[in-house]
Amino acid sequence: QIELDEANRKLKAIQAEQSAVNLQIKQTEEEIKKAEAYLKQRQEILNKRVRSIYMYGQLSYLEVITGAKSFANRLELLKRIIHSDFNLIIEIQKQKAVIEAKKAELEEQKARLDALAAEAQKAQDEVVAKKAQQQKIMDE
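All figures in this text were calculated on a predicted structure; none of them were measured in a lab.

## Some words on the pattern of salt bridges
For step 1, the next point in the chain: Applying the stated rule across the entire model yields eight salt bridges.
For step 2, the next point in the chain: Of the charged contacts in the structure, one is a salt bridge between arginine 112 and glutamate 17, with a shortest N-O distance of 2.3 Å. Here arginine 112, found in helix H3 (residues 71-139), pairs with glutamate 17, found in helix H1 (residues 2-56); they are 95 residues apart in sequence, far enough to count as distant.
For step 3, the next point in the chain: Judged by its relative accessible area of 34%, arginine 112 falls in the partly exposed class.
For step 4, the next point in the chain: Ionic pairing is found between glutamate 105 and lysine 102, a salt bridge with its closest N-O pair at 3.9 Å. Placement of both glutamate 105 and lysine 102 in helix H3 is noted, with a separation of three residues, approximately one turn of the helix.

## A short note on the nonpolar core
For step 1, the next point in the chain: Within the largest apolar cluster, 13 residues are counted, with the highest numbers of intra-cluster contacts made by Leu11, Ile14, Val21, Ile25 and Val127.
For step 2, the next point in the chain: When contributions to this core are tallied by element, the ones reaching two or more residues are H1 and H3.
For step 3, the next point in the chain: Ranked by the residues each element gives to this core, the list is headed by H1, at seven residues.
For step 4, the next point in the chain: Those residues in contact with valine 21 that lie beyond four places of it in its chain are Gln109, Arg112, Leu113 and Leu116.
For step 5, the next point in the chain: Ranked by size, the runner-up nonpolar core spans six residues in total, among them Ala35, Leu88, Ile92 and Ile99.

Scoring rules and cut-offs
Residues numbered from 1 in each chain as written. Predicted model: local features only at pLDDT ≥ 70, side-chain atom pairs only at ≥ 80, totals over all residues. Heavy atoms only, no water. Salt bridge = Lys/Arg side-chain N within 4 Å of Asp/Glu carboxyl O. Helix = DSSP H or I, 4+ residues; strand = E, 2+ residues; numbered from the N terminus. Buried < 20%, exposed > 50% of the residue type's maximum accessible area, 1.4 Å probe, protein only. Core = buried A, V, L, I, M, F, W, Y, C linked by side-chain atoms within 4.5 Å. Contact = heavy atoms within 4.5 Å.

Next comes the structure, spelled out in structure tokens:
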């Protein structure tokens, strides 16, 4: 009976861990969805910016240069535009790295869940064997 109780305890612990890993997987999947949506939004902004530059050339830069009243203002505005474009590209790269890390984490969690399933099956088999052994002893 002690061995059966131990096997049942072990099985319940494994099942609790499986539930926790399943919850982590759901959370990670939600984080990936949010990150991908944000990335898509940022990429659309960059695509519009690149398309604008392609279609109209460096018009925005020229407008800044000709529209500003002083050279210092022109230079400052140009720096801001270039800095903004650069930051957008960096942000997209970082977001892609975050998504890849989350996907790797998700794969690890799924592998852990598979390992737990195998462990749970082994514990379940042990419980069944202990019950059969206990029944055999009782029958005798």
